[in-house]
Amino acid sequence: MNNLNNKKILLIICGGIAAYKSLEIIRLLKKNGVIIKTILTKNGAEFVTPLSITSLSQSKVYQDLFDLENEAEMDHISLSRWADLILIAPATANTISKLANGNSDDLASTVALASDKNIFIAPAMNVRMWDHISTKENIAKIKTYNYKLIGPEIGDMACGEYGAGKMSEPEKIVNEIKSYFENLKIKNKFKAIVTAGPTHEYIDPIRFITNKSSGKQGYEIAKSLSKKGFDTTLISGPTNLELKDDFNLIKVETAEEMFQATLNSLPADVAIFSAAVGDYKVKEIHKTKIKKQDKLNLDLEKNVDILNYISNHNSLRPKLVIGFAAETNDLEYYANIKLNEKNCDWIIANDVSNKKIGFNSDFNEVSIFYKNSKSEKLNYKPKSEISDKLVEKIINHLN
Ligand code: CTP
């Protein structure tokens, strides 16, 4: 399925040697059925001509803010409203600086300022300009304004130097835009819940029973889901992990809190239970600190099995329920038992006795056991890549 067909993209071409690549961007977008309008800045026109742009885009090139004819036909506000998405490629250091400061002294910067659409920018500049602290600050600023960056890449530059600042290749730019529209479709469509990390089952106000789970794999899964456009809620036990991505994070401590948070986050299309939930809790938590001389007998009772509860209640059960099995031995045997007993669609199993993977490692190696088909293995790779692969499979399944 081509997500770009009939999408309206406003391409802004600024003045840099990489402007010649914009012609290839236009060609690729057209090939994908995109309707293009173009703004060419004054400096951009030093590198590519309006004629070559029009020939490829088959539409008019807008150049001046105060062009009577254009304003009558489509003023700068309408132009910014017309687009489904705006792409600035190449985006020069000067244009980025204007965006960061809200300047509007030409058509390109005015349209960007007046726009309520997603704006992608593909920077292109000399490595020293890219590395300059002012550019870094401008980039950090425009990210907070929700501009989306594509590249730049590291490589040989037209000026003969080498480093970061090279505009991404047209294929990459077009692919990023494709996946933006793909994600948009998923966003409107799918909701995901992920549980992650350990739980703390309190004995007294300062002591608890816990386990070695770092939460890394669960966080990576939530990130991959969010990146792919899922409306994602991550319900996390106590971890040391930071989250910069834009999704709901609900922090909990105990299994009971994780259970309630999960119930409150339903309904969902997919739920991934990666948390290492404490199987037991202390029946009566001491109200005050237990003293050494006290006689200590821990009376434990079972915690609710969150996964089991949700997958066995039809009214709560997401379409796709994925459990985890962290085992030290007989992986396949236990994974299959959990698959059946917990009524999962998939179980992701890993061998936590292997120090190179599992708890606290940034790497993992897992086997996926399916309810209705043969199991498969995802070989040793970073947890982030395991997550991306997993999310690909989730999308295929849900679609
Ligand atoms: N799980 C859960 N709630 C619990 C215990 C486990 O949701 N109270 C989920 C985990 O998030 C995981 C799956 O059940 O997806 C399996 O967890 P695991 O700890 O491997 O299995 P247990 O059922 O606890 O069995 P055992 O400890 O005997 O291996």
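As shown above, the structure is provided for reference.
Residues numbered from 1 in each chain as written. Predicted model: local features only at pLDDT ≥ 70, side-chain atom pairs only at ≥ 80, totals over all residues. Heavy atoms only, no water.

(A) Region of the structure containing the packing of aromatic side chains. Within this structure, the stated rule accounts for eight aromatic pairs. Ring centres of Tyr 202 and Phe 208 lie 5.4 Å apart, and the angle between their planes is 75°; on these two criteria the pair is classed as edge-to-face. A relative accessible area of 33% places Phe 208 in the partly exposed class. On the basis of an interplanar angle of 10° and a centroid distance of 5.1 Å, the ring pair of Phe 363 and Tyr 380 is categorised as stacked. Here Phe 363 is found in strand β19 (residues 363-370), whereas its partner Tyr 380 is found in strand β20 (residues 376-382), with 17 residues between them in sequence. By relative accessible area, Phe 363 is classed as partly exposed at 32%. The class for Tyr 380 is partly exposed, based on a relative accessible area of 37%. Among the aromatic residues, those joined into a cluster by ring pairs are Phe 120, Tyr 180 and Phe 181. The aromatic ring of Trp 82 is capped on one face by Lys 37, whose charged end is 5.0 Å from the ring centroid. Directly above the aromatic system of Tyr 62 lies the positively charged group of Lys 60, at a separation of 5.9 Å from the ring centroid. (Phe/Tyr/Trp six-rings, centres within 6.5 Å; stacked < 30°, edge-to-face > 60°. Buried < 20%, exposed > 50% of the residue type's maximum accessible area, 1.4 Å probe, protein only. Helix = DSSP H or I, 4+ residues; strand = E, 2+ residues; numbered from the N terminus. Lys NZ or Arg CZ within 6 Å of the ring centre and 35° of its normal.)

(B) Structural context of the sheet that holds strand β14 (residues 270-273). If you walk across this open sheet you meet the eight strands as β13-β12-β9-β14-β17-β18-β19-β20, and the pairing is mixed. Two strands in the sheet have a free side with no partner beyond their single neighbour: β13 (248-251) and β20. This sheet shows a mean twist of 20° between the axes of neighbouring strands, independent of strand direction. Where β19 meets β20, five bridges bridge the pair, whose relative direction is antiparallel. Opposite Val 366, over in β20, you have Leu 378 as the bridge partner. In this fold helix α13 (residues 331-341) packs onto β17 (320-327), β18 (346-351) and β19, with an angle of close to 155° to the strand it touches most, β18. (Pairing = 2+ DSSP bridges. Axes fitted to C-alpha atoms, helices over the stretch in contact; angles between N-to-C directions. Contact = heavy atoms within 4.5 Å.)

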